[in-house]
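Single-letter residue listing:
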Amino acid sequence: MSKIWLIVQREYLTRVRKKSFIIMSLIGPLLTVGMFAVPVLIAKMSDSGKVVAVSDAGGLFTENLPEAKDDISFTRASADLATAKAEFKKAKYDALLYVPKLDVANPTGFQVFSRKGLSMSLENDINRAVNNAIENQRLRAAGLDHKVLDNLKADVDLQTVSLSDDGEKSSSTGISTAVAYFFGFLIYIFIFIYGVQIMRGVMEEKTSRIVEVVISSVKPFQLMMGKVLGIAAVGFTQLALWVLLSMGISSVMAGSISPDKVVEDRAARTTALVRPTTTQDQAAKQDNVAAKFSQALKSADLNMPLLIACFLFYFLGGYLFYGALFGAIGSAVDSETDTQQFMMPVTMPLVLTFVVSQAVLTTNPNGSVAFWMSMFPLTSPIAMMMRLPFGGVPAWQLGLSMLLLIAGFMFAIWVAGRIYRVGILMYGKKVNYRELSRWLFYKG
């Protein structure tokens, strides 16, 4: 046991002292946020401030043009299409909408011109504006008021309540889904990142022949176990740093905003209706979204201590299970190109779980498919963590899943150890699945 502990210390200290570990620990939270936020911001920026010219030959927008939004505005052009095209080229509008003389009952012949391809969001906005204008004309022709119809529409806010043996608990499907994806994604990413590190570390020692010296004083199984546990400690350290840094960044950002200033800004946005701006509208929307999210998070009534405890268990259990398999692959091959044939069977259950869970969560998180996925050790680390936020997981299912994962880890360690003891000293030979199966039953 002391030898395993020495290997754990070596693997841990070697990696946490690297500049790459320190840099990734510091910028990791920013990169994670940026990975989700940047695509959304780019999409908004690319479609913001678009101007669409309207050549209204059919008189569809005689009274008013469609209302301007944050990302699109409309302006009039000549009703003559040829003249409108010339104006379009000179003024460099983003798009030109041509409204032909039309029959409201059967509107056809609409055209949208652009210099390059239209983005899908811009095309949808133009299409929506045309449809709304036609609907308004049809309503006026039928003697109906559009505002009356809008008042008849209902927007009911459903309050979901979970009924269980423990009593009634309020819940939120949206928040539960977000928490499920968050925990599942963390496990998925960390298993890949640090599992591959184990595989590469074993391959480096094997190809550099350092392992020949090491195993003269340590058994191959002890060496592999020390590597798996040491790199697991590195993963936990980085995860803890990410959580602490994320909390610190959030606290600084929250503290830098004065409550009095927030009240003044909101009051200013409310009283500035006579000259509204796009920035004010966006700020108001952000406040509304943040308030709704905060309220939903409070009403979700999630059992966070249980979720965090289970996350730590499945995070560690899943990593150890897959880490042993990655270590076995590293010991069986001589180069990274040879790992492809063995990586696919190991990683496919992990990828499949994350993909299939998206459909399972939207249909029945406690159905038979979700149940079996949360029991099978290859899929349970992600599947069970994506089930737990929705509730309804009996204690016996959770306990059985944990026991099966522990048993699966012990079996994986045994298999990996059998492969490791033979493959770690074998060079220059292409290994296949038949050869690996023989290694499992070699004596010694």
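A.B. asks: Is there a simple way to think about the overall build of the protein in this case?
C.D. replies: A tally of regular secondary structure across the protein gives 16 helices and six strands. Within the protein, the proportion of its 444 residues that are buried is 37%. A separation of at least 24 residues holds for 70% of the contacts in the protein among residues at least 6 apart in sequence. Entry remark: accessible area of the protein is about 26,100 Å², with carbon and sulfur atoms responsible for 63%.

A.B. asks: How should the side chain of Ser380 be read in this particular structure?
C.D. replies: Assignment of secondary structure puts Ser380 in helix H14 (residues 380-387). Setting aside anything within four residues of it in sequence, one finds Ser380 in contact with Tyr314, Met373, Ser374, Met375, Met385, Ser401 and Leu405.

A.B. asks: Is there a simple way to think about the confidence of the model for the protein in this case?
C.D. replies: Parts of the model with low pLDDT should not have their predicted coordinates read in detail. Confidence in the prediction of the protein, expressed as mean pLDDT, is 75, and 75% of residues score 70 or more. Between residues 257-287, whose pLDDT stays under 50, and residues either more than four places distant or in other chains, the model counts 12 contacts.

A.B. asks: Teacher, can you tell me more about the pairing of strand S3 (residues 95-99) here?
C.D. replies: Regular strands place side chains that alternate from one sheet face to the opposite one. Taking burial as the measure, the five residues of S3 include five buried ones, the bulk of the element. Neither face of S3 is left uncovered, since the one carrying Ala95, Leu97 and Val99 and the one carrying Leu96 and Tyr98 both have all their residues buried. In terms of strand pairing, S3 meets strand S4 (residues 111-113) through three bridges, oriented antiparallel. Bridge pairing links Leu97 to Val112 in S4.

A.B. asks: Is there a simple way to think about helix H3 (residues 81-91) in this case?
C.D. replies: Because an α-helix packs 3.6 residues into every turn, residues spaced three or four apart end up facing the same way. The complete set of buried residues in H3 reads Leu81, Ala84 and Phe88. The buried residues of H3 occupy an angular sector of 55° when the element is viewed end-on, so they sit on one face. Exposed residues on H3 whose side chains face more than 90 degrees from its buried face are Ala82, Lys89 and Lys90. Lys92 occupies a position one or two residues after H3 and carries a positive phi of about 60°.

A.B. asks: Mind showing me how you'd approach a nonpolar patch on the surface here?
C.D. replies: A surface patch of nonpolar side chains, amounting to about 630 Å² of accessible area, comprises Ile22, Ile23, Met24, Leu26, Ile27, Leu30 and Leu31. Turning to its location among the elements, Ile23 is positioned in helix H2 (residues 19-46).

A.B. asks: How should the pattern of salt bridges be read in this particular structure?
C.D. replies: When charged atoms on two side chains of opposite charge get close, those side chains can pair. Scanning all chains against the criterion turns up four salt bridges. As a salt-bridge pair, Arg10 and Glu11 come within 2.8 Å of each other at their nearest N and O atoms. In this structure Arg10 comes out as partly exposed when scored by relative accessible area, which is 45%. Of the charged contacts in the structure, one is a salt bridge between Asp94 and Lys50, with a shortest N-O distance of 3.9 Å. Here Asp94 is found in the loop between H3 and S3, whereas its partner Lys50 is found in strand S1 (residues 50-56), with 44 residues between them in sequence. For Asp94, a relative accessible area of 30% translates into the label partly exposed.

A.B. asks: I'm lost on the nonpolar core in this one. Help?
C.D. replies: For soluble globular proteins, the rule of thumb is that nonpolar side chains tend to be buried together. Membership of the largest hydrophobic core comes to 76 residues, with the highest contact counts inside it found for Ile187, Phe311, Tyr314, Tyr319, Met385, Leu388 and Ile419. With near-sequence residues (within four places) excluded, Phe311 lies in contact with Phe183, Leu186, Ile187, Leu239 and Met385. Counting residues in each nonpolar core, the second largest holds 15 residues, with Val52, Ile72, Ala129 and Val130 among its members.

A.B. asks: Sorry, what's going on with helix H4 (residues 120-141) here?
C.D. replies: With 22 residues, H4 ought to run about 32 Å at 1.5 Å a step, and its terminal C-alpha atoms sit 32 Å apart, in line with that. Taken as a whole, H4 has its buried residues at Leu122, Asp125, Ile126, Ala129, Val130, Ala133, Ile134 and Leu139. Of the residues flanking the end of H4, it is Gly143, one or two places downstream, whose phi is positive at about 75°.

A.B. asks: How should I be thinking about the sheet that holds S3 in this particular structure?
C.D. replies: Strand pairing in a sheet takes place through backbone hydrogen bonds and is either antiparallel or parallel in direction. The strand order S2-S1-S3-S4 describes an open sheet built from four strands, whose pairing is mixed. Unpaired on one side and paired on the other, strand S2 (72-76) and S4 mark the two borders of the sheet. Across the sheet, the axes of successive neighbouring strands diverge by a mean angle of 25°, strand direction being ignored. On the sheet, H3 packs against S1, S3 and S4 and is oriented at approximately 170° with respect to S3. Against the sheet, H4 contacts S1, S2, S3 and S4, and its axis sits at roughly 55° relative to S2.

A.B. asks: Which parts of the structure should I look at to understand the packing of helix H13 (residues 368-375) against H14?
C.D. replies: Axes are the key here: two packed helices are described by the angle between their axes and the distance separating the axes. Running from N to C, H13 and H14 point in directions that differ by 130°, and their axes come no closer than 7 Å. With respect to H14, the axis of H13 lies oblique. Note that H13 runs across H14; the crossing there is left-handed. Where H13 approaches H14, its residues Ala370, Phe371, Met373, Ser374 and Met375 are matched on the opposing element by Ser380, Ala383, Met384 and Arg387.

A.B. asks: What is the right way to read the side chain of Ser374 from this model?
C.D. replies: By the secondary structure assignment, Ser374 is in helix H13. Overall, Ser374 belongs to the buried group, its relative accessible area being 0%. Within polar-contact distance, the side chain of Ser374 engages the side chain of Arg387 at 2.9 Å. Excluding residues that lie within four positions of it along the chain, Ser374 makes contacts with Ser380, Ala383, Met384, Arg387 and Ser401.

A.B. asks: Help me understand the packing of aromatic side chains, please; the structure alone is not making it clear to me.
C.D. replies: Geometrically, a pair of aromatic rings is defined through the distance of the ring centres and the angle of the planes. Counting across every chain of the model gives 10 aromatic pairs. Ring geometry for Phe371 versus Trp396: centroids 6.1 Å apart, planes at 55°, classification tilted. Of the two residues, Phe371 is situated in helix H13 and Trp396 in helix H15 (residues 395-423); the sequence distance between them amounts to 25 residues. Connected via pairs of aromatic rings, a cluster forms that spans Phe182, Phe183, Phe190, Phe311 and Phe315.

Analysis parameters
Residues numbered from 1 in each chain as written. Predicted model: local features only at pLDDT ≥ 70, side-chain atom pairs only at ≥ 80, totals over all residues. Heavy atoms only, no water. Helix = DSSP H or I, 4+ residues; strand = E, 2+ residues; numbered from the N terminus. Buried < 20%, exposed > 50% of the residue type's maximum accessible area, 1.4 Å probe, protein only. Contact = heavy atoms within 4.5 Å. Areas by Shrake-Rupley, 256 points an atom, 1.4 Å probe, with all protein chains shown as cover. pLDDT = per-residue confidence, 0-100. Pairing = 2+ DSSP bridges. Arc of directions from axis to C-beta. Patch = residues over 30% accessible without salt bridge, like charges linked within 9 Å, V, L, I, M, F, W, Y side chains within 5 Å. Salt bridge = Lys/Arg side-chain N within 4 Å of Asp/Glu carboxyl O. Core = buried A, V, L, I, M, F, W, Y, C linked by side-chain atoms within 4.5 Å. Expected span 1.5 Å × (residues − 1). Axes fitted to C-alpha atoms, helices over the stretch in contact; angles between N-to-C directions. Parallel < 35°, antiparallel > 145°, perpendicular 65-115°, else oblique. Left-handed = near helix turned anticlockwise from the far one by under 90°. Polar contact = N/O pair within 3.5 Å; in protein donor to acceptor, adjacent residues only side chain to side chain. Phe/Tyr/Trp six-rings, centres within 6.5 Å; stacked < 30°, edge-to-face > 60°.

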